[in-house]
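As a plain string of letters, each chain reads:
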Amino acid sequence: MVPPRPEGPGPRAWTASTCRSARSPRGRSCPCAILAGLVVALALIPEAISFSIIAGVDPAVGLFASFTMAVVISIVGGRRAMISAATGAVALVIAPLNREHGLGYLIAAVILAGVFQVILGAVGVAKLMRFIPRSVMVGFVNALAILIFMAQVPEMNDVPWAVYPLIIGGLALMVFFPKITTVIPAPLVSIVILTVITVAAGIAVPTVGDKGELPSSLPAPGLPDVPFTLDTVTTIAPYAFAMALVGLMESLMTAKLVDDITDTHSNKTRESIGQGVANIVTGFFGGMGGCAMIGQTMINVKVSGARTRLSTFLAGSFLMVLCIAFGSVVSDIPMAALVAVMIMVSFATFDWHSIAPKTLKRMPAGEIGVMVITVAVVVVTHNLAIGVVVGSITAMVVFAKRVAHLAEVTAVVDPEGATVVYRVTGELFFASSNDLVGQFSYATDPDKVVIDLSAAHIWDASSVAALDAIETKYAQRGKTVEIIGLNDPSADLHGKLTGELVGSH
């Protein structure tokens, strides 16, 4: 817990820990937000350029998107300190559209995707987040950490030998520098020191400038260069909708992750709408669109200790300032320094507790399976959204299979043998009701059958249809069935649907 602000006047040293939630009554953010924004801006530059390459556009398109996304979302978003910018997931979705139809159609799709996100946010799509199980969340986080590390591997292949000691030195600085002071974020110190060393010593290693030319002026607003026709809309709509879904899913998952890290709540509906607004603005400024960036968010929140909107705003602002005013200096930053930062982020993001032997021994096999499947799908597809969907579906199947076995049927025949009472216990839904029909002795039971559902609950039409099928089988043998003990919701559903579910084919 953050210690309370001391009473009375007097000097107070700012540290990363005290910066985590400290703000003045007027809402001014602590100094660490400024440093955090600078660190994130430095990390955003090579990422934005890399994502631009994936999308098949000039580096400036990705950098403009990161600038506008971060600045706009800092104002309209629902999660403080979360970083939104150009992302790989969005780049993968819209790259085919750019290859087939050109940049104008890509920009138009970004704007339409923003409109879709505003609509989806307004109708409450964020509420679906509560249906994502914890095992999927853990798998999502671990897969993210693996992807962050994997993204650094190309930067360590076929490079001069000096890259490796630089990476090791950067990691050492980030591990040990906080033991000296936390006033300045360790990643920023690492980047500055490694840059000074490589420039002063004339060490020839890959730099940020090798990734592409940085923009020299601010983006100007304008309309996408496409014909405003129905054909254009039908061309871009599938890509725009896919981008909207992927962007919202990654953003909402990231927001939930930051909620857990900071032990605070965020407005997911506002965040969904805010992502849409940010993409609309980004499109009009010629950016490639984006969503929440989990890696940079972890730098901002977990490594640098930022907790306010100012850090997000400054990350976008510093990005443009660094590119335009200090482009030559930024170009000299060795990629090894940024690789070290991202490796540290990967290590900090991974949930090591989830794979500890003690945890795995206690965790149900189904939960472990869901986590592993989520991680595997994300790593194979390089798409966090696909992994979450597959993981959630797997979790539902595991849950349905587990609950289906909880429905039990026991039979008691009265002493005179004229009536048999079947007592059904458990939850009746599509999975459990499929086995229900086969648990009755239609041929040997007496003429009167009572089905007691006082210890059961009917959840869906499949259960009603199963009960109807049981009654029909007994009726074919001239026997009567009486259903008793229905609770009010079950009785209401049964009353509405019984006898109405079998039609002619």
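Scroll up to find the structure.
As the structure is a computational prediction, the values presented were derived from the model and not from experiment.

K.L.:
Would you mind going over the overall build of the protein chain with me for this structure?
P.N.:
For the protein chain, the count of helices and strands is 20 helices and six strands. With respect to the three principal axes, the spread of C-alpha positions in the protein chain is 100 × 60 × 50 Å. Taking all 505 residues of the protein chain together, 51% fall into the buried category. Considering only intrachain contacts with a sequence separation of at least 6, the fraction spanning at least 24 residues in the protein chain is 83%. As displayed, the protein chain offers around 23,200 Å² of accessible surface, 65% of which is attributable to carbon and sulfur atoms.

K.L.:
Help me out: how do you make sense of the sheet that holds strand S3 (residues 408–413) in this one?
P.N.:
What holds strands together in a sheet is hydrogen bonding between their backbones, with the strands either parallel or antiparallel. The strand order S3-S4-S5-S6 describes an open sheet built from four strands, whose pairing is mixed. In the strand order of this sheet, the two ends are held by S3 and strand S6 (480–484), each with one partner. Adjacent strand axes in the sheet meet at a mean angle of 20° when their direction is disregarded. Where strand S5 (residues 448–458) meets S6, five bridges bridge the pair, whose relative direction is parallel. Bridge pairing in S6 links Val 450 to Glu 482. Those strands touched by helix H19 (residues 461–475) are strand S4 (419–428), S5 and S6, and its axis lies near 175° from that of S5. Here helix H20 (residues 488–497) sits on the sheet and contacts S5 and S6; the angle it forms with S5, its principal contact strand, is near 120°.

K.L.:
Explain helix H8 (residues 186–201) here, please?
P.N.:
Look at H8: 22 Å from first C-alpha to last across 16 residues, which is about the 22 Å you get at 1.5 Å a residue. For H8, the complete set of buried residues consists of Ala 186, Pro 187, Leu 188, Val 189, Ser 190, Ile 191, Leu 194, Thr 195 and Thr 198. Against the buried residues of H8 lie helix H2 (32–55), helix H7 (163–180), helix H11 (294–303) and helix H14 (335–349). A positive phi of about 65° marks Gly 202, the residue just after H8.

K.L.:
Can you walk me through the environment of Ala 395 in this structure?
P.N.:
In this structure, Ala 395 sits in helix H17 (residues 384–404). Since its relative accessible area comes to 14%, Ala 395 is described here as buried. Considered as a pair, Ala 395 and Ile 373 are 22 residues apart in the sequence and their alpha carbons are 9.8 Å apart. Once residues lying within four places of it in the same chain are set aside, the contact partners of Ala 395 are Pro 133, Val 136 and Val 370.

K.L.:
Is there a simple way to think about the side chain of Thr 195 in this case?
P.N.:
Here Thr 195 shows up in helix H8. Look at Thr 195 and you get buried, because its relative accessible area is 12%.

K.L.:
What's the story with the pairing of S4 in this structure? I'm lost.
P.N.:
Successive side chains on a regular strand alternate, one facing one side of the sheet and the next facing the other. Where S3 and S4 come together, six bridges link them in antiparallel fashion. Counted as the bridge partner of Glu 408 is Thr 425 from S4. Here S3 folds back onto S4, and the loop between the two strands holds five residues, one of which, Gly 417, carries a positive phi near 75°. By the bridge criterion, nine bridges tie S4 to S5 in an arrangement that is parallel. Residue Val 420 lies in a different strand from S5, and its bridge partner there is Val 449. Running through helix H18 (residues 430–436), the crossover from S4 to the neighbouring parallel element S5 is right-handed.

K.L.:
Explain the packing of helix H6 (residues 134–152) against H14 to me, please; I cannot follow it from the model alone.
P.N.:
A pair of packed helices is characterised by two quantities: the angle between their axes and the separation of those axes. Direction vectors running N to C along H6 and H14 enclose 160°, while the axes themselves pass 8 Å from each other. Taken together, the axis directions place H6 and H14 in an arrangement best described as roughly antiparallel. Between H6 and H14 lies a crossing whose hand is left-handed. Contact residues: H6 offers Val 141, Leu 144, Ala 145, Ile 148, Phe 149 and Gln 152, while H14 offers Val 339, Met 342, Ile 343, Val 345, Ser 346 and Thr 349.

K.L.:
Whenever I open this one, empty space enclosed by the protein confuses me. Can you help?
P.N.:
In this approach, a probe sized like a water molecule rolls over the atoms, and the result shows the empty space that is left. Per the stated rule, a full pass over the model turns up one cavity of 30 Å³ or more. Contributing to the lining of the largest cavity are Glu 155, Val 163, Val 205, Pro 206, Met 335 and Ala 336. Classifying every residue of the lining of the largest cavity gives five nonpolar, no polar and one charged.

K.L.:
Could you clarify how one ought to interpret the layout of surface pockets in this entry?
P.N.:
Here the largest pocket defines a volume of roughly 760 Å³. Those elements that provide at least two residues to the lining of the largest pocket are H2, helix H4 (88–101), H6, H11 and H14. Here the residues of the lining of the largest pocket sort into 20 nonpolar, eight polar and four charged.

K.L.:
Can you help me understand a nonpolar patch on the surface in this one?
P.N.:
Taken together, the side chains of Phe 347, Trp 352, Ile 355 and Leu 360 present a nonpolar region at the surface, about 390 Å² in accessible area. With respect to the helices, strands and loops of the structure, Leu 360 is situated in helix H15 (residues 357–362).

K.L.:
Any chance you could explain unusual backbone geometry here in plain terms?
P.N.:
Outside of glycine, negative phi angles account for most residues, and trans bonds account for most peptide bonds. Notably, Ala 81 is not glycine yet its phi reads approximately 70°, a positive angle. Mapped onto the elements of the fold, Ala 81 is located in the loop between helix H3 (59–76) and strand S1 (84–85).

K.L.:
What am I meant to see in the pattern of salt bridges here?
P.N.:
Close approach of charged atoms lets side chains of opposite charge pair. The full count for this structure, using the stated rule, is four salt bridges. One salt bridge connects Asp 259 with Arg 79, and the closest N-O pair in it is separated by 2.5 Å. Taken together, the positions of Asp 259 in helix H9 (residues 230–262) and Arg 79 in the loop between H3 and S1 put the pair 180 residues apart, joining distant regions of the chain. Each member of the pair, Asp 259 as well as Arg 79, is classed as buried. Residue Asp 492 pairs with Lys 496 through a salt bridge whose shortest N-O separation is 3.5 Å. Linking Asp 492 with Lys 496, this pair stays in helix H20, spanning four residues, or about one helical turn.

K.L.:
Whenever I open this one, the side chain of Asn 98 confuses me. Can you help?
P.N.:
Mapped onto the fold, Asn 98 is located in helix H4. Of the residues examined, Asn 98 reaches a relative accessible area of 11% and is grouped as buried. A distance of 3.1 Å separates a polar atom in the side chain of Asn 98 from the backbone oxygen of Ala 55. Reaching out from Asn 98, the side chain makes a polar contact with the backbone oxygen of Gly 56 at a distance of 3.0 Å. Sequence-distant contacts of Asn 98, defined by excluding residues within four places in its chain, comprise Ala 55, Gly 56, Val 57, Leu 103 and Leu 106.

Thresholds, definitions, all that
Just so you know, the residues in each chain are numbered from 1, in the order the chain's sequence is written. Local features in this predicted model are restricted to residues whose pLDDT is 70 or higher, and side-chain atom pairs enter the listing and the counts only when it is 80 or higher, whereas totals over whole chains, interfaces and linings include all residues. Hydrogens and water are ignored here; the side-chain numbers use all heavy atoms of the structure. The helix and strand labels rest on DSSP assignments: H or I over at least four residues marks a helix, E over at least two residues marks a strand, and numbering proceeds from the N terminus. Accessibility here uses a 1.4 Å probe with only protein chains present; expressed as a share of the type maximum, an area under 20% marks a residue as buried, one over 50% as exposed, and anything in between as partly exposed. The contact criterion used throughout is that any non-hydrogen atoms of two residues lie within 4.5 Å. Residue burial considers only the protein chains on display, and all accessible areas are found by Shrake-Rupley using a 1.4 Å probe. DSSP bridges decide pairing: two strands pair if at least two such bridges lie between them. Axes here refer to lines fitted to C-alpha atoms; in helices the fit is confined to the stretch in contact. Angles between the N-to-C directions go from 0 to 180 degrees. An expected span of 1.5 Å times one less than the residue number is assigned to each helix. Place the viewer so that the strands point away; then a crossover is right-handed whenever the path from the first strand over the helix to the second strand goes clockwise. Here the angle decides the label: under 35 degrees means roughly parallel, over 145 means roughly antiparallel, 65 to 115 means roughly perpendicular, and every other value means oblique. In a left-handed crossing the near helix is turned counterclockwise from the far helix by less than a right angle, and in a right-handed crossing that turn is clockwise. Grid spacing is 1 Å over the protein atoms alone, the probe is 1.4 Å, and a cavity is where that probe fits but cannot get out, while a pocket is an open set with protein on both sides within 12 Å along at least five of seven lines and lining residues have an atom within 4 Å of a point. Grid points are joined across faces, edges and corners, and a volume is the space filled by probe spheres set on the points. The residue classification treats Ala, Val, Leu, Ile, Met, Phe, Trp, Tyr, Cys and Pro as nonpolar and Asp, Glu, Lys and Arg as charged. All others, Gly included, are polar. Residues with no salt bridge and a relative accessible area higher than 30% make up the patches, which join like charges within 9 Å and nonpolar side chains (Val, Leu, Ile, Met, Phe, Trp, Tyr) within 5 Å. For this document, the term salt bridge refers to a Lys or Arg side-chain nitrogen within 4 Å of an Asp or Glu carboxyl oxygen. We call two N or O atoms a polar contact when they sit within 3.5 Å, provided that within protein one can donate a hydrogen and the other can accept it, with sequence-adjacent residues counted only if both atoms are side-chain atoms.

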